[in-house]
There are 2 protein chains.
Amino acid sequence: MIDYLLRKLRARDEIADLEELALGRLAGEIRDYPADKTVIQEGEPLDFSSLLLEGMMCRYKDLRDGGRQISAIHVPGDFLDLHSFTLKRLDHNVMAMTRCKVVLVPHERLKAMTEEEPHLTRLFWFSTNLDAAMHREWELSLGRRSAIARVAHLFCELQARLEIVGLAEEAGYDFKFTQTEIAECVGLTSVHVNRVLRQLRERRLVEFRGGRVTMLDRAGLERIAEFRPAYLYLDRRPI
Amino acid sequence: MIDYLLRKLRARDEIADLEELALGRLAGEIRDYPADKTVIQEGEPLDFSSLLLEGMMCRYKDLRDGGRQISAIHVPGDFLDLHSFTLKRLDHNVMAMTRCKVVLVPHERLKAMTEEEPHLTRLFWFSTNLDAAMHREWELSLGRRSAIARVAHLFCELQARLEIVGLAEEAGYDFKFTQTEIAECVGLTSVHVNRVLRQLRERRLVEFRGGRVTMLDRAGLERIAEFRPAYLYLDRRPI
DNA sequence: CGAGTACTTGACTGTGGTCAAAGCCAGTGG
DNA sequence: CCACTGGCTTTGACCACAGTCAAGTACTCG
């Protein structure tokens with residue numbers, strides 16, 4: 001059940017067998033959500049965190065005028081809201097973009113973990129720091145990258161993140177977002193995203209159709225995105 | 001020396017006297033930096049984190065074309081790079097925006113803290129999660145807010161953050177940034193920031209001159225910024 | 001087969017970018 | 001005390017990238 005999480009953690013550090021068992025004991029109730037369901041509301045008090053097992057979710061914030069900004073995308077193996085353990089409530093909403101399955105981890109078990117498993121605690125802390133690193137890279141996209149580079153960068157990031165958990169092939173990956181939802185990630189309108197997708201297709205870099213990203217020229221795509229994956233901390237270092 | 005840090009933490013949770021002592025023992029070497037000095041380079045291996053004692057610093061990333069995005073501003077009491085404890089190196093640069101004083105905290109002492117002081121560990125974890133919450137709010141600004149709302153929001157955020165550590169009055173605060181640097185925070189050009197600042201002044205909302213922000217109509221400013229400080233987690237809750 | 005949603009495209013608009021010149025001010029040196 | 005310098009700010013004219021609006025097309029799913 002925690003396979004994807006283990007793959008994600010083992011890509012970065014050693015996990016002892018006893019620690020794997022301790023991780024297994026964190027798991028509580030399992031929940032399924034339908035697509036487009038808002039799973040966590042901004043501000044609501046939380047006493048558990050959720051680990052995504054299947055599907056894709058996102059974090060988002062709304063403005064009064066209807067503008068919505070997606071601030072992160074979650075793939076299997078990601079915690080949706082591990083940060084709610086210390087924050088107690090969230091500053092954003094969390095929504096299922098597809099049908100999803102999650103497992104709940106009660107905060108009291110996380111608290112016990114911080115008392116008994118300092119190494120796992122550091123790994124979990126790392127995991128929230130990784131979220132923050134992705135937020136920073138998105139800030140760079142939103143603030144300074146051109147429209148085409150933003151979309152290209154998003155596709156590159158997801159390719160790399162899905163590869164870690166074995167959910168992307170060299171050729172591409174499933175990505176069941178609408179163009180409007182992509183627009184909400186990259187700070188553009190859906191109309192403009194559509195135009196950018198056409199350009200990316202015509203320049204033979206990447207194709208997005210029918211909920212699937214097909215890499216046509218990954219190196220070229222990474223070049224125009226200025227994608228440098230260091231911010232994903234993909235190498236192994238003891239934490 | 002750790003006064004500002006204590007004020008920041010005590011705004012959110014109880015700190016026992018013994019914990020205060022433990023915090024004091026984290027402190028190592030003190031360093032001074034001149035304005036405009038890049039203090040930490042992206043990618044450089046780190047074995048200490050830095051707590052800002054005086055001055056203002058920022059995190060930033062560059063693009064090849066010279067575009068720079070500032071992803072966070074630090075005020076006294078903030079750790080510049082507490083996340084480097086688990087990440088081991090940073091995905092961004094850190095620069096002193098004014099003359100600054102910091103105190104170094106060796107990672108080995110932080111590691112010992114995670115073994116011996118679970119409550120402080122959770123507080124430090126909280127502190128990096130707070131950084132991420134600010135990143136998310138900036139993503140919303142960069143992706144969806146208008147130019148004037150972005151600048152207004154930045155001024156509101158700093159007012160609130162500086163108040164916690166006692167470095168802002170009702171009337172405003174010192175903010176020794178150039179207009180170009182503000183532009184690098186909000187994803188605009190310095191020319192446009194200049195136009196926006198004029199608007200804010202003419203609408204009697206806020207004035208920025210000579211490295212000082214003067215609040216003229218704080219409620220009005222917060223309204224056009226859609227500033228809702230929940231993301232700063234200013235209330236006290238046990239962590 | 002019809003309804004609803006998502007995608008596509010074109011015409012037009014506007015916010016914010018670019019380029020350039022001038023003004024301002026603090027610091028430095030004659 | 002003044003001239004010079006360099007960085008920052010201010011303004012204007014013009015431009016372009018991306019937004020808006022609207023209509024039409026393509027798919028899915030009941």
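Student: I'm lost on the relation of the copies chain B and chain A in this one. Help?
Tutor: Relating the two copies of this chain is a rotation about some axis coupled with a shift parallel to it. Take chain B, turn it by 180 degrees, move it 0.0 Å along the axis, and it overlays chain A with an RMSD of 0.0 Å. Put plainly, the chains are arranged around a two-fold axis. If distances are taken from each C-alpha of chain B to the rotation axis, the shortest is found for B:Ala132, at 2.4 Å. With an isologous cut-off of 70% or more, the 100% of interface residues of chain B that recur at the interface of chain A puts this contact in the isologous class.

Student: Quick question: what am I supposed to make of the sheet that holds strand β8 (residues 172–174) of chain B here?
Tutor: Hydrogen bonds along the backbone pair up the strands of a sheet, which may run parallel or antiparallel. Residues and elements named next belong to chain B. The strand order β8-β10-β9 describes an open sheet built from three strands, whose pairing is antiparallel. With partners counted over all chains shown, the strands left at the sheet margins are β8 and β9 (206–209), one partner each. On average, each strand axis in the sheet is tilted by 10 degrees relative to the strand beside it, whichever way the strands run. Pairing between β9 and strand β10 (residues 212–215): four bridges, direction antiparallel.

Student: Explain the packing of aromatic side chains here, please?
Tutor: Centre-to-centre distance and the angle between the planes together describe a pair of aromatic rings. Residues and elements named next belong to chain A. As enumerated under the stated definition, the model contains 16 aromatic pairs over all chains in all. Aromatic rings pair up to connect Phe 155, Tyr 173, Phe 175, Phe 177 and Phe 208 into one cluster. A cation sits over an aromatic face here: Arg 68 above Tyr 60, 4.1 Å from the ring centre.

Student: Even after reading the chapter, I still don't get the protein's contact with DNA strand D, so can you show me in this structure?
Tutor: Near DNA strand D lie 15 residues; those nearest to it are A:Thr189, A:His192, B:Gln179, B:Asn194 and B:Arg198. At the protein interface, 69% of the atoms of DNA strand D within 4 Å belong to sugar or phosphate. In this structure, a phosphate oxygen belonging to DNA strand D sits 3.0 Å away from a side-chain N or O atom of B:Arg198. Of all the elements in the fold, those that place two or more residues in the surface near DNA strand D are α8 (190–202) of chain A together with α7 (179–186) and α8 (190–202) of chain B. No other element matches the four residues that α8(B) contributes to the surface near DNA strand D. Grouping the amino acids of the surface near DNA strand D by side-chain chemistry returns four nonpolar, eight polar and three charged.

Reading the values: the criteria
- Residues numbered from 1 in each chain as written.
- Chains lettered and ligands numbered in written order.
- Predicted model: local features only at pLDDT ≥ 70, side-chain atom pairs only at ≥ 80, totals over all residues.
- Heavy atoms only, no water.
- Least-squares fit on C-alpha atoms with pLDDT ≥ 70 in both.
- Contact = heavy atoms within 4.5 Å.
- Pairing = 2+ DSSP bridges.
- Helix = DSSP H or I, 4+ residues; strand = E, 2+ residues; numbered from the N terminus.
- Axes fitted to C-alpha atoms, helices over the stretch in contact; angles between N-to-C directions.
- Phe/Tyr/Trp six-rings, centres within 6.5 Å; stacked < 30°, edge-to-face > 60°.
- Lys NZ or Arg CZ within 6 Å of the ring centre and 35° of its normal.
- Near = heavy atom within 4 Å.
- Polar contact = N/O pair within 3.5 Å; in protein donor to acceptor, adjacent residues only side chain to side chain.
- Nonpolar A, V, L, I, M, F, W, Y, C, P; charged D, E, K, R; others polar.

Nothing here speaks to function; it is geometry throughout.
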